[in-house]
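Below are the chains, spelled out letter by letter.
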Amino acid sequence: MSALLEVKDLRVSFRQDGALTEAVKGVSFFVERGETVALVGESGSGKSVSALSTVSLLGDSAEVTGSVTYDGQQMIGADETRLRKVRGNDISFIFQEPMTSLNPLHTIEKQLGESLALHQGLAGAAARARILELLEQVGIQDAESRIGSYPHQLSGGQRQRVMIAMALANEPDVLIADEPTTALDVTIQAQILDLLKDLKDRLGMGLLFITHDLGIVRRIADRVCVMQKGEIVETGSTREIFDNPQHPYTKKLLGAEPSGAPAPIAADAEIIAKTDNLKIWFPIQAGLLRRTVGHVKAVNDASLTVRAGETIGIVGESGSGKTTLALAIMRLIASEGQIEFMGQDVRQWSTRQLRGLRKDMQIVFQDPFGSLSPRMTCAQIISEGLSIHKVDADRDERDLVREVMVEVGLDPATMDRYPHEFSGGQRQRIAIARAMVLRPRLLVLDEPTSALDMTVQVQIVDLLRNLQKKYGLAYIFISHDLNVVRAMSHQVMVMKRGDVVETGDVDAIFDRPAHEYTRTLLHATA
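Calculation notes
Residues numbered from 1 in each chain as written. Predicted model: local features only at pLDDT ≥ 70, side-chain atom pairs only at ≥ 80, totals over all residues. Heavy atoms only, no water. UniProt positions renumbered as here; feature names shortened; annotations may be inferred. Helix = DSSP H or I, 4+ residues; strand = E, 2+ residues; numbered from the N terminus. Buried < 20%, exposed > 50% of the residue type's maximum accessible area, 1.4 Å probe, protein only. Contact = heavy atoms within 4.5 Å. Areas by Shrake-Rupley, 256 points an atom, 1.4 Å probe, with all protein chains shown as cover. Lys, Arg positive; Asp, Glu negative; His and termini not counted. Charge placed at Lys NZ, Arg CZ, Asp CG, Glu CD. Axes fitted to C-alpha atoms, helices over the stretch in contact; angles between N-to-C directions. Parallel < 35°, antiparallel > 145°, perpendicular 65-115°, else oblique. Left-handed = near helix turned anticlockwise from the far one by under 90°. Nonpolar A, V, L, I, M, F, W, Y, C, P; charged D, E, K, R; others polar. Pairing = 2+ DSSP bridges. Polar contact = N/O pair within 3.5 Å; in protein donor to acceptor, adjacent residues only side chain to side chain. Phe/Tyr/Trp six-rings, centres within 6.5 Å; stacked < 30°, edge-to-face > 60°. Lys NZ or Arg CZ within 6 Å of the ring centre and 35° of its normal.

An unreviewed UniProt entry annotates the protein chain as ABC transporter ATP-binding protein YejF originating from Roseobacter fucihabitans. Comment text from UniProt for the protein chain, heading Sequence similarities (unreviewed entry), reads "Belongs to the ABC transporter superfamily." Per its UniProt entry, the protein chain bears the Subcellular location (unreviewed entry) comment "Cell inner membrane".

Bringing the overall build of the protein chain into the picture now. When helices and strands are tallied, the protein chain shows 21 helices and 20 strands. Dimensions along the principal axes, computed over C-alpha positions, put the protein chain at roughly 70 × 55 × 45 Å. Expressed as a percentage of its 526 residues, the buried residues of the protein chain come to 52%. The contacts of the protein chain with a sequence gap of at least 6 include a subset with a gap of at least 24, amounting to 68%. When the accessible area of the protein chain is evaluated, it comes to approximately 23400 Å², of which 48% is carbon and sulfur surface. The average position of the 58 basic charges and that of the 68 acidic charges among the side chains of the protein chain differ by 3 Å.

Here the focus is the packing of helix α15 (residues 378-389) against helix α16 (residues 397-407). Contact pair α15 / α16: the axes reach a minimum separation of 10 Å and the direction vectors enclose 115 degrees. What the angle tells us is that α15 and α16 run roughly perpendicular. Handedness of the α15/α16 crossing: right-handed. Across the interface between the two elements, Cys 378, Ala 379, Ile 382, Ser 383, Leu 386 and Ser 387 from α15 touch Glu 397, Arg 398, Leu 400, Val 401, Val 404 and Met 405 from α16. Grouping the constituent residues of the contact of α15 with α16 by class yields eight nonpolar, two polar and two charged.

For the rest of this paragraph, the subject is unusual backbone geometry. Leave glycine aside and you will find that most residues have negative phi; peptide bonds, for their part, are mostly trans. Here the phi dihedral of Glu 179 falls at roughly 50 degrees; this positive angle occurs in a residue that is not glycine. With respect to the secondary-structure elements, Glu 179 resides in the loop between β7 (174-178) and α8 (186-203). You can call Glu 179 buried: its relative accessible area is 6%. In this structure, Asp 301 takes a positive phi of about 55 degrees despite not being glycine. As for its placement among the helices and strands, Asp 301 is situated in strand β12 (residues 291-307).

In this section: the sheet that holds strand β4 (residues 62-70). If you walk across this open sheet you meet the four strands as β2-β1-β4-β5, and the pairing is antiparallel. With one partner strand each, in any of the chains shown, β2 (19-31) and β5 (73-74) form the two edges of the open sheet.

Another point: α15. The set of residues buried in α15 consists of Cys 378, Ala 379, Ile 381, Ile 382, Ser 383, Gly 385 and Leu 386. Next to the buried residues of α15 lie α16 and α17 (424-436). Lys 390 sits one or two positions beyond α15 and adopts a positive phi of about 55 degrees.

To continue, consider the side chain of Arg 223. Here Arg 223 lies in strand β9 (residues 223-228). Residue Arg 223 is classed as buried on the basis of its relative accessible area, which comes to 16%. Engagement of the side chain of Arg 223 in a polar contact is seen with the side chain of Glu 35, the distance being 2.7 Å. The residues touching Arg 223, leaving out its near neighbours within four places in the chain, are Phe 30, Val 31, Glu 35, Thr 36, Val 37, Ala 38, Gly 236, Ser 237 and Thr 238.

Overall, mixed pairing links the six strands, which are arranged β6-β7-β8-β3-β9-β10 in an open sheet. For this open sheet the edge positions go to β6 (91-94) and β10 (231-237), each flanked by a neighbour on one side alone. When strand polarity is set aside, the average angle formed by the axes of neighbouring strands in this sheet is 15 degrees. In this sheet, β10 lies alongside β9 in antiparallel orientation, the contact comprising six bridges. By the bridge assignment for β10, Gln 228 is matched with Glu 231.

This next bit is on the packing of aromatic side chains. In this structure the tally under the stated criterion is one aromatic pair. The ring of Phe 30 carries the charged tip of Arg 223 above its face, separated from the ring centre by 4.1 Å. In this structure, Lys 279 is placed above the aromatic ring of Trp 281, and the distance from its NZ or CZ to the ring centre is 4.1 Å.

As structure tokens, this is what we get:
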């Protein structure tokens, strides 16, 4: 008897400029009912391509051979009518990038409703009730008020939860989850993993889980397939893979976890940024005259101090105010309270006055592909700030770009390539280079490693610590990955729904947490 989903000798090549590039090379695996199989490997190993091949979701440039059977029926070469029935109903996907997958012009209710109408014939009140049930299942608080929201009005974690709700809407036989928890907080991540496990057990669903996070693999998977350069190099039960890995690449993955600590702070280190009683409330307006009827209390009474060479890690769930606080410190959004930057009270400064300080405060975003212009080369992206701020105006810009690329571990020979020609880790290095070329005093790092492979995470953490030590940089480091926070930070601030619930030395927070919420966060990563 065949498995629920069975892949045999799958080979995928992509045709570009008349040439074929082989991405998947003879991959075979299977998923039984009620079983979780993890596909593990770094970016470019062929994990997602293998998964997309199961229901022919690759583009016309792909050439696919081999066999993919679902419930005994061949999927490769199946007609479009058959594939449409299977997609989203029998085999459902959770994708990594929700902003790419969600329609920015439609509300959450409409997008979830489309799938329910297509596969279950639900509409009106019945569909709305099911949508609310799904949103609550995946941990979206106050679902009633969120159902009419558009994707851009939700946080990254909330958007990912909507994607998971869409995938689960029709209770599929096979769920293929492609890095589904990458953007989620540790507590929500734990909830989602528990939810997926519960649904798998209750529905007898087969789960193909694609990830680079081995902590998740250990927690959720029954069997593991390790992929490298388009091939499965090792497969076995989760216990076998973790306790007795055989392949050198598997051993490398298992050994890749951020560790160590940043360099100590100088006793006389200058205070770079400071806030006192910072408050950020956004008005809720209603009615024809758009009167203010309430406020979204994004940040309440936040105070912090960060010195040269120091990192303050800010942790908390999506919507807790982490990024909002950092943006207010950089004077990118309005706030109340005291903000000092390099000894100057800047809260009342005009945009013109702030322009001179902008080169000293830079930010690296979570999604480098979204923050890098696809129409600009690497060199143009990195040098843009040099032109605006007239930094080292007497030197050739390409020389400066070349120097900073070497500094962040990029090959200067690639400076005329475009963002899509780089890997995820390389794109994040470009984003860091763009900030570092201006020699800032303060660098805000907003989830800079969350979408990266474990081995690349270690490289980026080492790079950031070396840059901090070399230039005395002050970092505000925002992350939901507590292992990375511990490896990067001197101090930690814990936020929950806009409130700072605990702050202190990194070892004290991790080893002796005082607040129940901090203990919950730490427990979720255990």
